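As a plain string of letters, each chain reads:
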Amino acid sequence: MARQGFVPYLLGTDFHRLAFVEFGNPAAEAVVCVHGLTRTGRDFDPLAEALADRFHVICPDLPGRGKSDWLGDAALYQPPSYVIALAHLLAFLNKPVAWVGTSLGGICGMMIAAAKHTPVTRLVLNDVGAQIPAAALARIRDYMTKTPERFAAMAELEAHLRMVHAPFGKLSDAQWAHLARYSARRTEGGGFALHYDPKIAEPLRAAIPLDADLSPIWRQVSVPVLAIRGAESDLLTEPVFERMASDGAATLTVSECGHAPALMDQPTIDAIHAFLEARG
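Residues numbered from 1 in each chain as written. Predicted model: local features only at pLDDT ≥ 70, side-chain atom pairs only at ≥ 80, totals over all residues. Heavy atoms only, no water.

Colleague: Got a minute to help me understand the overall build of the protein in this structure?
Modeller: The helix and strand inventory of the protein stands at ten helices and twelve strands. The C-alpha radius of gyration of the protein comes to 18 Å, within 12% of the 19 Å expected for a compact globule of 280 residues. In terms of overall dimensions, the protein has C-alpha extents of about 55 × 40 × 40 Å along its principal axes. Counting every position in the protein, which comprises 280 residues, the buried fraction comes to 54%. (Helix = DSSP H or I, 4+ residues; strand = E, 2+ residues; numbered from the N terminus. Rg over C-alpha atoms; globule rule 2.2 N^0.38 Å. Buried < 20%, exposed > 50% of the residue type's maximum accessible area, 1.4 Å probe, protein only.)

Okay, structure coming up:
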């Protein structure tokens, strides 16, 4: 069962709260799971529940998402700010951690794993890698800037998620309902909105999408890596995926999905579990 927690972090001249849910025995080895751009930590509930028999699993909401505080300055919605917040979480945990990161969560994981004296011992990168094509960034920008501000009913919100996140793969009705439940917040006057600060889209709107080269960070990662790719992904291309494999990453391709695999199917959960259990 998920347990709610919060940790304070200092960003600029203001303290904020980073929300997280945790599963399993706090005395066990830790696994931190970090979500993608518009998602929340509750995306990982099926994976966390499967890992909780062996691990202490912590799933934060990035700043501006879920139950974490929104930031006053939209310009702060950038990976360096997220890494600061996550570093406070790691200090709070005060033990080595394995890291599972989807998309943006994987970028943060690479940045932290590349740091000297990192507490990260193993790294799972879900559909993100050493390079990101401009076209994929433009697609993400476009769907974010066209998101409705309000949904009259949960069914409308769920239908929106099924459309924009169709590349997550073939999810069951129960899984879509789970994502919708934790993607929604009630709005004044009734109805629902997506559970993130709309200002997180502003840095994307302000920038011209260009190919993002994360190779300098990737080259500094020395811990074991499992790279996961949706077979139809436009964000982690096959050539980049193959390059990561040649650099020593273990790899897994998830069929019938794009960016990014939901990590809710049993074979993918089993593969992650096995990778985290491995030694050496």
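Colleague: Can you walk me through helix H2 (residues 79-93) in this structure?
Modeller: Side chains three or four residues apart in an α-helix point the same way, a direct result of the helix having 3.6 residues per turn. Compared with an ideal rise of 1.5 Å per residue, which puts 15 residues at 21 Å, H2 spans 21 Å between its outermost C-alpha atoms and is within 8% of the ideal. Along H2, the residues classified as buried are Ser81, Tyr82, Val83, Ala85, Leu86, Leu89, Leu90 and Leu93. Turning to H2, the residues buried within the fold contact strand E1 (3-11), strand E2 (14-23), strand E3 (30-34), strand E4 (56-60), strand E5 (97-102) and helix H3 (104-113). Once H2 finishes, Asn94 follows within two positions and takes phi at roughly 55 degrees, a positive value. (Expected span 1.5 Å × (residues − 1). Contact = heavy atoms within 4.5 Å.)

Colleague: Got a minute to help me understand the sheet that holds E3 in this structure?
Modeller: Strand pairs in the sheet, formed through backbone hydrogen bonds, run parallel or antiparallel to each other. With respect to topology, eight strands assemble into an open sheet ordered E1-E2-E4-E3-E5-E6-E11-E12, the strand pairing being mixed. Only two strands of the sheet have a single neighbouring strand rather than two, namely E1 and strand E12 (250-254). With direction set aside, neighbouring strand axes in the sheet form an average angle of 20 degrees. Here strand E11 (residues 225-230) pairs with E12 via five bridges, running parallel. (Pairing = 2+ DSSP bridges. Axes fitted to C-alpha atoms, helices over the stretch in contact; angles between N-to-C directions.)

Colleague: In this structure, what is going on with the pairing of E2? I would like to understand it.
Modeller: Two faces, one strand: in a regular strand the side chains alternate between the faces of the sheet. In terms of burial, E2 is a largely internal element, seven of the ten residues being buried. By the bridge criterion, four bridges tie E2 to E4 in an arrangement that is antiparallel. Within E4, the residue paired with Phe20 across the bridge is Pro60.

Colleague: So what exactly am I meant to see when it comes to the pattern of salt bridges here?
Modeller: Scanning all chains against the criterion turns up eleven salt bridges. Residue Glu277 pairs with Arg54 through a salt bridge whose shortest N-O separation is 3.2 Å. Of the two residues, Glu277 sits in helix H10 (residues 266-277) while Arg54 sits in the loop between helix H1 (45-51) and E4, which places them 223 residues apart along the sequence. Several salt bridges converge on common partners, so that one network encompasses Glu29, Arg54 and Glu277. (Salt bridge = Lys/Arg side-chain N within 4 Å of Asp/Glu carboxyl O.)

Colleague: What is the right way to look at unusual backbone geometry in this model?
Modeller: What you tend to see is this: most non-glycine residues have negative phi, and most peptide bonds are trans. Here His259 and Ala260 are connected by a cis peptide whose omega angle stands at 0 degrees. One can find Ala260 in the loop between E12 and H10. You will see that Asp127, though not glycine, has its phi angle at about 60 degrees, which is positive. When you line up the elements, Asp127 lands in the loop between strand E6 (120-126) and strand E7 (131-132). The exposure class assigned to Asp127 is buried, which follows from its relative accessible area of 0%. In this structure, Glu256 takes a positive phi of about 60 degrees despite not being glycine. Looking at the secondary structure, you find Glu256 in the loop between E12 and H10. Judged by relative accessible area, which is 47%, Glu256 ranks as partly exposed.

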